[in-house]
Amino acid sequence: MEPAEAERKIAVAARQLLSGEIDLLTFAYAFNRSLSGLCEDEPLSGDLLELFFALESWEVSVGAERVEAAERVTLVAQRLAATTPPWTRHA
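From a predicted model like this one, the values you see are computed outputs, not experimental measurements. (Residues numbered from 1 in each chain as written. Predicted model: local features only at pLDDT ≥ 70, side-chain atom pairs only at ≥ 80, totals over all residues. Heavy atoms only, no water.)

Undergrad: What is the right way to read helix H4 (residues 63-82) from this model?
TA: Because the α-helix completes a turn every 3.6 residues, residues three or four places apart line up on one side. With 20 residues, H4 should cover 28 Å at 1.5 Å per step; its first-to-last C-alpha distance of 29 Å lies within 8% of that length. Buried positions along H4 lie against helix H1 (3-19), helix H2 (24-38) and helix H3 (46-60). (Helix = DSSP H or I, 4+ residues; strand = E, 2+ residues; numbered from the N terminus. Expected span 1.5 Å × (residues − 1). Contact = heavy atoms within 4.5 Å.)

Undergrad: Honestly, the pattern of salt bridges in this entry has me stumped. Any pointers?
TA: If the charged atoms of two oppositely charged side chains come close together, the side chains can form a pair. All chains considered together, the criterion is met by four salt bridges. The salt bridge partner of Glu 5 is Arg 8, with a shortest N-O separation of 3.0 Å. Taken as a pair, Glu 5 and Arg 8 lie in helix H1 at a separation of three residues, close to a single helical turn. Assessed through its relative accessible area of 31%, Glu 5 is described here as partly exposed. Between Lys 9 and Glu 5 there is a salt bridge; the shortest N-O distance is 3.9 Å. With Lys 9 and Glu 5 both in helix H1 and four residues apart, this pair spans about one turn of that helix. Linked through salt bridges whose partners overlap, the residues forming this network are Glu 5, Arg 8 and Lys 9. (Salt bridge = Lys/Arg side-chain N within 4 Å of Asp/Glu carboxyl O. Buried < 20%, exposed > 50% of the residue type's maximum accessible area, 1.4 Å probe, protein only.)

Undergrad: Quick question: what am I supposed to make of the nonpolar core here?
TA: The nonpolar side chains of a soluble globular protein tend to be buried with one another. Counting residues in each nonpolar core, the largest one holds 26 residues, and the members touching the most others are Leu 24, Phe 27, Phe 31, Leu 38, Leu 51, Leu 55 and Val 73. Going through the elements one at a time, H1, H2, H3 and H4 are the ones with two or more residues in this core. Setting aside its immediate chain neighbours within four residues, Phe 27 contacts Ile 10, Ala 13, Ala 14, Leu 17, Ile 22, Leu 51, Leu 55, Val 73 and Ala 77. (Core = buried A, V, L, I, M, F, W, Y, C linked by side-chain atoms within 4.5 Å.)

Undergrad: Any chance you could explain H3 here in plain terms?
TA: An ideal rise of 1.5 Å per residue puts 21 Å on 15 residues; H3 measures up with 22 Å between its terminal C-alpha atoms. The complete set of buried residues in H3 reads Leu 48, Leu 51, Ala 54, Leu 55 and Trp 58. End-on view of H3: buried residues confined to an arc of 120°, all on one side of the axis. Residues of H3 that are exposed and point over 90 degrees away from its buried face: Gly 46, Phe 53 and Val 60. On its buried face, H3 sits against H1, H2 and H4. (Arc of directions from axis to C-beta.)

Undergrad: Before we go on, may I ask you to explain the environment of Leu 17 in this structure?
TA: One can find Leu 17 in helix H1. By relative accessible area, Leu 17 is classed as buried at 13%. Between the C-alpha atoms of Leu 17 and Ala 28, which are 11 residues apart in sequence, the distance is 10.0 Å. Apart from residues lying up to four places away in sequence, Leu 17 is in contact with Ile 22, Asp 23, Leu 24, Phe 27, Val 73 and Ala 77.

As structure tokens, then:
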């Protein structure tokens with residue numbers, strides 16, 4: 001998968017997470033499936049790197065820490081969904 005396609009898939013999944021169409025676990029799977037494509041040309045940076053760490057934190061936490069990690073994932077997903085080019089928003 002090309003990096004641009006991987007990023008588009010993450011943005012689509014972010015919108016689905018925010019709309020309630022998918023849950024956080026499904027979103028994490030979507031991110032993990034796209035990870036190698038995202039890193040094909042260069043290392044993760046910016047919101048994608050922050051999302052990686054937030055998802056890692058969510059996966060290993062319990063209780064209140066897990067809730068806080070889920071909130072961080074949601075905040076990054078909001079930014080990713082908002083910065084997606086308009087022609088990809090209906091994918």
